[in-house]
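# Examining the three-dimensional arrangement
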There are 2 protein chains.
Amino acid sequence: MSQPLRLGIAGLGTVGIGVLRILRQHAALLEARTGRRLEITAVSARDKSKDRGISLASYAWEADPVALAQRDDIDVFVELIGGEEGPAKDAVEAALSKGKDVVTANKALLAIHGQALAEKAEADGRALRYEAAVAGGIPVIKALTEGLAGNAVTRVMGVMNGSCNYILTRMETAGLSYDEVFAEADALGYLEADPQLDVGGIDAAHKLAILSSLAFGTKVDFAGITLEGIDRVSIDDIRAAADMGYKIKLLGVAQQTARGLEQRMQPCLVPATSPLGQLDGGTNMVVLEGDAVGQIVLRGPGAGEGPTASAVLSDICDLARGFSGPVFGLPATTLETSQPATAALPASYYLRMSLHDKPGALAKIATVLGEAGVSIDRMRQYGHDETAAPVLIVTHKTTPAAIADALAAMQDTAVLSGDPVALRIEDV
Amino acid sequence: MSQPLRLGIAGLGTVGIGVLRILRQHAALLEARTGRRLEITAVSARDKSKDRGISLASYAWEADPVALAQRDDIDVFVELIGGEEGPAKDAVEAALSKGKDVVTANKALLAIHGQALAEKAEADGRALRYEAAVAGGIPVIKALTEGLAGNAVTRVMGVMNGSCNYILTRMETAGLSYDEVFAEADALGYLEADPQLDVGGIDAAHKLAILSSLAFGTKVDFAGITLEGIDRVSIDDIRAAADMGYKIKLLGVAQQTARGLEQRMQPCLVPATSPLGQLDGGTNMVVLEGDAVGQIVLRGPGAGEGPTASAVLSDICDLARGFSGPVFGLPATTLETSQPATAALPASYYLRMSLHDKPGALAKIATVLGEAGVSIDRMRQYGHDETAAPVLIVTHKTTPAAIADALAAMQDTAVLSGDPVALRIEDV
């Protein structure tokens, strides 16, 4: 039997404790599966005295995660502290410098500093693994880099923030406004300390940046993502989209186009009958498309103690088995700098507007759309109150620029009551 | 750069040609991803002269796959011949004896001879990989053995024969009988030369046997599967199930129970709104459940040139990267002999029967069910013709034995017109 794999675990929040629990509960199973004993040598967290419901007495304690990362008696440093700067980053760098392999669940760290860390890890001949950083318990990093290794990836999509999907689902099922459900979710502890990480789409965009690099062989480029959160999604749009056969999802999409790498995280409409459209509540879904395989859809819990710890264990077991490759699938120094696409690919759009109730109003809107080169696939006008009539339009495929032109021109028609809404309809 | 990985490919049908195409088209990408050149040294098939739309001139030709498997100038033998006996088995054994790693897409071979082959491979220190054998392009072997390595697996389920799912879906959407759609599918070339492999559930059961071994650390036990095909599923049941909110799927289920390892491949009802219920047409779906991760659902193409070749390439790339472990996740000599469960776990059942139109008929049925300990959750009686009334019943959870008792007792009531139908409703 080989030497044990000695682990140092920094960060004993929900995920860290989940990892400890699995390592203790399944010690014999993990040893049988990997051929090595997985040994916890030392741990680190902010507060040693806190009751975590699990005894830490058999592990060395380090108050400082950097000191933990540098210990001679660990082989793998497991970073579960979080945050793109500060102790998490310092400790990961220290571990790599000391010749340790690193496992982390830190999407922000990877999305912002991934390229530098990958270059450092590979220069030192070390592994940096992060299955838990994207879509929680879904083994999507492995599916993409290993399962689809024979494919040129053509597109990656995903609903990767459970809190946003919970909010959108709850708005629809309870008929509540965004503000009402946001307050509810916040009270239930479903949101990050800084809720903009969730509802602003930042957390999901961190994940998309990582997947995008793996899929297209480009340097991780968080700044290149077109980012829009869910805070402007209204219950009116959720209802109207449902009437037209769609759901609204905070959808991340990355694809290589002739005009550069397109990376978007924004509320989109998807067909209600598609797997993405049927994804309710806090569950995550990632869609991988490759030239050979076609479309693979992965669905599972995107957060929580067990699922995230499961993903961390996947990385640890791979290291125990001696499985490891370049951090982003290709040697970091060969990754290309991405060329952000100048514009998104053409798509159908959903338009919702309110028209003053006077003759010729709809004709003016139709004329404006036609002049912008936007053709109408389906249109629906609803019963209306005394002054304004709600109108829904689904366009044929058109460019984002044409939609922007049309929206601008509509403002000059004097038939709109309030601002029109335009949302992209993603082909899924 | 390391030495190239030299491949010998036996079997140049759809999948074999797909593998050749990817190796040629993505040669540079595969080398960048794995750090090794993937080189096709020699190929073998039954007919050298057949036009396969791709030149084989640069590869050595072997008429005999065993000779190919034994060539000194190959490192990996890729078996894409198929069939549980004969040349496929002979060649795989020859390759292992000669110290070659093996990649195969052959589910029958693994399901029947997997244990012996695994022992042989591991005794020789060789790898035997088979991602393409289960659920085509879905990287489910990898997800289960590596992605969920930190979990005790609690249940594995799947719709793993696209032809069966196509037939059931087409019956429902076109309102056709099983025989009509079977004839259609056969004419379209959707079925195996021996259609019983598909519609009898054998092909899907081969896949279930493999997943079951990986999930529960048991020797692959195809003979231990309770097997029932789709040939007795009627359009009446598909319609009635839909009325009650269910779909009928040929569903494989494996779970470890207190009464042994339960492995079933049979037509089951699943909620129409569940991911399995929403799986239409030839697509496959595998559901993996683990104690830490909860439920993961994987969906994708289960057959075809590109998807199957994609899975074969995943194995080849893993070998090029030096990733390999025991054939069934644990050392073959430590796998336990499975104890087939004496009975399936309790479940709700769907019952459909036709009652003679006379007073007290329904009361007799209800009495019989009550006496067998089966309680009724929902019941629906339909408008009827002059002599018989269709009745649907969904029971509360009960044992298969209680259902069998009730069905037997019903025969003595003299109120039934024709045989009653009972189908299990799977909790998904």
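Values in this document were obtained by computation on a predicted structure and should not be read as measured data. (Residues numbered from 1 in each chain as written. Chains lettered and ligands numbered in written order. Predicted model: local features only at pLDDT ≥ 70, side-chain atom pairs only at ≥ 80, totals over all residues. Heavy atoms only, no water.)

A separate point is the relation of the copies chain B and chain A. Between the two copies, chain B and chain A, the superposition gives an RMSD of 0.0 Å; the rotation angle is 180 degrees and the shift along the axis is 0.0 Å. The superposition operator between the copies reduces to a two-fold rotation axis. Most of the interface of chain B is mirrored in chain A, where 100% of its interface residues again form contacts. (Least-squares fit on C-alpha atoms with pLDDT ≥ 70 in both. Contact = heavy atoms within 4.5 Å.)

Taken residue by residue, the interface counts 47 residues in chain B and 47 residues in chain A. Around 3600 Å² of area is buried between chain B and chain A when both sides are counted, 57% of it from carbon and sulfur atoms. By the criterion of area lost to chain A, the three top residues of chain B are Arg33(B), Arg299(B) and Phe323(B), representing 17% of everything that side buries. Connecting chain B to chain A are two salt bridges. The partner of Glu146(B) in a salt bridge is Lys142(A), and the shortest N-O contact between them spans 2.7 Å. The interface formed by chain B and chain A includes 16 residue pairs in polar contact (both at pLDDT 80 or more). Where the side of chain B that touches chain A is concerned, the elements lending two or more residues are helix H1 (14–25), helix H2 (27–34), helix H6 (140–147), strand S12 (294–301) and helix H12 (305–321) of chain B. Counting residues per element, the side of chain B that touches chain A draws most heavily on H12(B), at eight residues. Broken down by class, the residue content of the side of chain B that touches chain A amounts to 24 nonpolar, 16 polar and seven charged. (Buried area = accessible area lost by both parts, 1.4 Å probe. Salt bridge = Lys/Arg side-chain N within 4 Å of Asp/Glu carboxyl O. Polar contact = N/O pair within 3.5 Å; in protein donor to acceptor, adjacent residues only side chain to side chain. Helix = DSSP H or I, 4+ residues; strand = E, 2+ residues; numbered from the N terminus. Nonpolar A, V, L, I, M, F, W, Y, C, P; charged D, E, K, R; others polar.)

The next point concerns helix H14 (residues 400–411) of chain B. All names here are of chain B. Here H14 contains 12 residues, and its C-alpha end-to-end distance of 17 Å stays within 8% of the 16 Å for a straight helix at 1.5 Å per residue. By the burial criterion, the buried members of H14 are Ala402, Ile403, Ala406 and Met410. Across the axial projection of H14, the buried residues extend over an arc of 100 degrees, all falling on one side. Those residues of H14 hidden inside the fold are in contact with strand S13 (348–356), helix H13 (361–371), strand S15 (388–395) and strand S16 (421–425). (Expected span 1.5 Å × (residues − 1). Buried < 20%, exposed > 50% of the residue type's maximum accessible area, 1.4 Å probe, protein only. Arc of directions from axis to C-beta.)

This next bit is on the side chain of Gln255(B). Mapped onto the secondary structure, Gln255(B) falls in strand S9 (residues 246–257). Each residue touching Gln255(B), except ones within four places of it in the same chain, is listed here: Thr154(B), Arg155(B), Phe216(B), Gly260(B), Leu261(B), Glu262(B), Arg264(B), Leu345(B) and Glu426(B).

Time to look at the packing of aromatic side chains. Counted by the stated rule, this structure contains seven aromatic pairs over all chains. Between Tyr166(A) and Tyr190(A), the aromatic rings sit 4.9 Å apart at their centres with planes inclined by 80 degrees, giving edge-to-face as the arrangement. Residue Tyr166(A) is found in helix H7 (residues 162–174), and its partner Tyr190(A) is found in the loop between helix H8 (178–187) and helix H9 (196–199); the two are separated by 24 residues along the sequence. Relative accessible area serves as the criterion here: at 18%, Tyr166(A) is assigned to the buried category. In this structure Tyr190(A) comes out as partly exposed when scored by relative accessible area, which is 40%. Plain terms: the ring middles of Phe323(A) and Phe323(B) are 4.9 Å apart, the flat faces sit at 10 degrees to each other, and that makes the pair stacked. Of this pair, Phe323(A) sits in the loop between helix H12 (305–320) and strand S13 (348–356) while Phe323(B) sits in the loop between H12 and S13, each in a different chain. The exposure classification of Phe323(A) matches that of Phe323(B), with both residues buried. (Phe/Tyr/Trp six-rings, centres within 6.5 Å; stacked < 30°, edge-to-face > 60°.)

The next subject is the sheet that holds strand S5 (residues 101–104) of chain B. Residue and element names in this part refer to chain B. Within the open sheet, the six strands sit side by side as S3-S2-S1-S4-S5-S6. Their pairing is parallel. At either margin of the open sheet sits one strand with a lone partner, and together these are strand S3 (60–62) and strand S6 (128–129). Pairing of strand S1 (residues 5–10) with strand S2 (residues 38–44) involves six bridges; the strand directions are parallel. Paired with Arg6 across the two strands is Glu39, which belongs to S2. (Pairing = 2+ DSSP bridges.)

Turning to the UniProt feature "binding site: NADPH" (unreviewed entry) in chain A, a few remarks are in order. All names here are of chain A. The feature "binding site: NADPH" (unreviewed entry), as given by UniProt, occupies Lys107 in the numbering adopted here. As for its placement among the helices and strands, Lys107 is situated in helix H5 (residues 107–123). Discounting residues that sit within four places of it in the chain, Lys107 has contacts with Ala133, Asp203, His206, Lys207 and Ile210. (UniProt positions renumbered as here; feature names shortened; annotations may be inferred.)

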